[in-house]
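Coordinates in review
One-letter residues, chain by chain:
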Amino acid sequence: MNSRCRPIVVLIALFSMTLGVSCSPAQTNSQSMTDPITSPDNSSPGTTDTAIFGNGCFWCSEAVFQLLKGVISAESGYSGGTVAHPSYKEVCTGLTGHAEVVRVVFDPAQISYEELLEAFWASHDPTTLNRQGNDVGTQYRSVIFYLNPAQKAAAEKAKSVLNQEMAFPNPIVTEISPAGPFYPAENYHQEYYELNGSEPYCTFVIKPKLDKFRKVFHEKLK
C-alpha cells in the first residue's frame with residue numbers, strides 16, 4: 001500500500017471516534033508559564049523535532065501521541081491566542097483565541113512528521129468546526145501549528161489529498177497556521193490519562209479511543 005493511501009485507510013477505521021462528553025475539570029488558579037518554541041535543526045544525528053497539534057481535548061490528544069514509538073514527550077498546552085500566560089479558565093471562555101494543543105517532541109529517525117500527521121487525522125474528526133463531540137468552542141478547533149516551511153507543506157498536502165479522496169463525508173476544516181507562543185497547561189492537565197485512568201471520563205471516553213488507535217497503529221507503538 002503506498003503512503004498516499006495509508007492515511008485514508010486509517011481514517012476510515014477511526015472516523016467514528018468522538019469524545020462524547022466535555023472536558024470540565026475543577027478549575028485552579030495556577031497560571032501557565034511562557035515557553036517560547038523554536039524550530040530545531042535536524043541536520044545532525046540524534047537531534048529531535050517538534051510538532052504542535054490541536055485535535056480536541058488535550059487529555060485525549062496527549063494520550064494518543066504518547067503511544068507512538070519515536071515520540072519523546074507530549075505536553076498539553078495552549079496556542080494560537082492573543083493573551084499571554086492564559087489559564088485554563090480563561091481559555092475555556094473562548095475569548096483568548098487559544099486552542100487546546102499538544103506539543104509533541106519526537107525523534108525523526110524513528111517517526112516522521114508525516115506519520116504524526118496520520119495519527120492527527122485519525123484521532124479526531126477534522127470536519128467539525130470548533131467542535132469535537134460534546135466539546136464545543138474555538139478552544140477545541142482542529143488545528144496544525146507548523147514550525148517551519150516543510151511542516152506547512154506536509155500539512156497542506158495531506159489535507160488536500162484527504163479532501164480529494166473524500167476520506168470524510170464532509171470537507172476538512174482543519175486550520176493550518178504558523179506556530180506562535182506555546183503555553184504549557186497547568187500541572188493537573190499533564191499526563192492526565194496516565195494519572196487518572198480510573199475516572200469516568202478516562203474510562204468511557206479516552207480508553208475506548210486509545211484501544212481503537214492501538215489496533216490501527218499497532219506497528220508504530222512503543
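As a starting point, this report considers the structure included with it. Everything quoted here is computed from the prediction, not taken from an experiment.

In terms of regular secondary structure, the protein chain is built from 7 helices and 8 strands. For the protein chain, with 222 residues in total, the buried portion stands at 49%. Taking all contacts inside the protein chain whose residues are at least 6 apart in sequence as the whole, residues at least 24 apart take part in 80%. Counting every atom, the protein chain has about 10,200 Å² of accessible surface; 55% of that belongs to carbon and sulfur.

Counting buried residues along helix α4 (residues 113-122), 8 of its 10 residues qualify, which places the element largely inside the surrounding structure. Among the residues making up α4, those that are buried are Y113, L116, L117, E118, A119, F120, W121 and A122.

So, about helix α2 (residues 58-65). Buried residues dominate α2, accounting for 8 of its 8 residues. All buried positions along α2 are accounted for by F58, W59, C60, S61, E62, A63, V64 and F65.

The next thing to look at is the side chain of D107. In this structure, D107 sits in the loop between β3 (99-106) and α4. At 11 Å, K222 is the nearest oppositely charged side chain to D107, a buried residue that forms no salt bridge. Those residues within four positions of D107 in sequence are excluded, and the remaining contacts are T47, G70 and I72.

Turning our eyes to something else, we now look at the packing of α2 against helix α7 (residues 200-216). Close contact between α2 and α7 brings their axes to 10 Å; oriented N to C, the two are set at 35°. Helix-helix and strand crossings are classified by hand; for α2 and α7 the assignment is right-handed. Together, W59, C60, A63 and V64 of α2 and Y201, I206, K209, L210 and F213 of α7 make up the contact between the two elements. Its residues placed into classes, the contact of α2 with α7 shows 8 nonpolar, no polar and 1 charged.

Here we come to the packing of aromatic side chains. Summed over all chains, the structure comprises 8 aromatic pairs. Relative to Y192, the ring of W59 has its centre 3.6 Å away and its plane inclined at 0°; by these criteria the two rings are stacked. Residue W59 is located in helix α2, and its partner Y192 is located in helix α6 (residues 192-195); the two are separated by 133 residues in the primary sequence. A single burial state applies to W59 and to Y192, both of which are buried. Arranged with centres 5.0 Å apart and planes meeting at 65°, the rings of F120 and W121 form a pair that is edge-to-face. Taken as a pair, F120 and W121 share a single burial class, namely buried. Through successive ring pairs, a cluster of aromatic residues spans F53, F65, Y113, F120 and W121.

On the basis of which strands lie adjacent, the open sheet formed by 6 strands has the order β7-β6-β1-β3-β2-β8 and mixed pairing. Looking along the sheet, the strands with just one partner apiece sit at the ends: β7 (175-178) and β8 (182-184). Neighbour-to-neighbour, the strand axes of the sheet open up by a mean angle of 35°, direction not taken into account. Where strand β6 (residues 142-146) meets β7, 4 bridges bridge the pair, whose relative direction is parallel. Looking across to β7, one finds that I144 is bridged to I176. Sitting on the sheet, α2 touches β1 (49-55), β2 (71-79) and β3, and the angle it makes with β2 is about 165°. Those strands touched by helix α5 (residues 149-164) are β1, β6 and β7, and its axis lies near 150° from that of β6.

Once that is clear, we can look at the environment of F182. Its place among the elements puts F182 in strand β8. On the basis of relative accessibility, which here comes to 0%, the residue F182 falls in the buried class. The spatial distance from the C-alpha of F182 to the C-alpha of I52 is 8.8 Å, given a sequence separation of 130 residues.

Okay, the nonpolar core next. If you look at the biggest cluster of nonpolar residues, it comprises 46 residues, and the most contacted ones within it are F53, F65, L68, L116 and I206. At 7 residues, the largest contribution of residues to this core is made by α4. With sequence-adjacent residues up to four places away left out, F65 is seen in contact with F53, N55, V71, A74, V104, L116, A119 and F120. I52, A99, F145 and L147 belong to the second-largest nonpolar core, a separate cluster that totals 7 residues.

Reading the values: the criteria
- Residues numbered from 1 in each chain as written.
- Predicted model: local features only at pLDDT ≥ 70, side-chain atom pairs only at ≥ 80, totals over all residues.
- Heavy atoms only, no water.
- Helix = DSSP H or I, 4+ residues; strand = E, 2+ residues; numbered from the N terminus.
- Buried < 20%, exposed > 50% of the residue type's maximum accessible area, 1.4 Å probe, protein only.
- Contact = heavy atoms within 4.5 Å.
- Areas by Shrake-Rupley, 256 points an atom, 1.4 Å probe, with all protein chains shown as cover.
- Lys, Arg positive; Asp, Glu negative; His and termini not counted.
- Salt bridge = Lys/Arg side-chain N within 4 Å of Asp/Glu carboxyl O.
- Axes fitted to C-alpha atoms, helices over the stretch in contact; angles between N-to-C directions.
- Left-handed = near helix turned anticlockwise from the far one by under 90°.
- Nonpolar A, V, L, I, M, F, W, Y, C, P; charged D, E, K, R; others polar.
- Phe/Tyr/Trp six-rings, centres within 6.5 Å; stacked < 30°, edge-to-face > 60°.
- Pairing = 2+ DSSP bridges.
- Core = buried A, V, L, I, M, F, W, Y, C linked by side-chain atoms within 4.5 Å.

Just distances and angles here, no functional claims.
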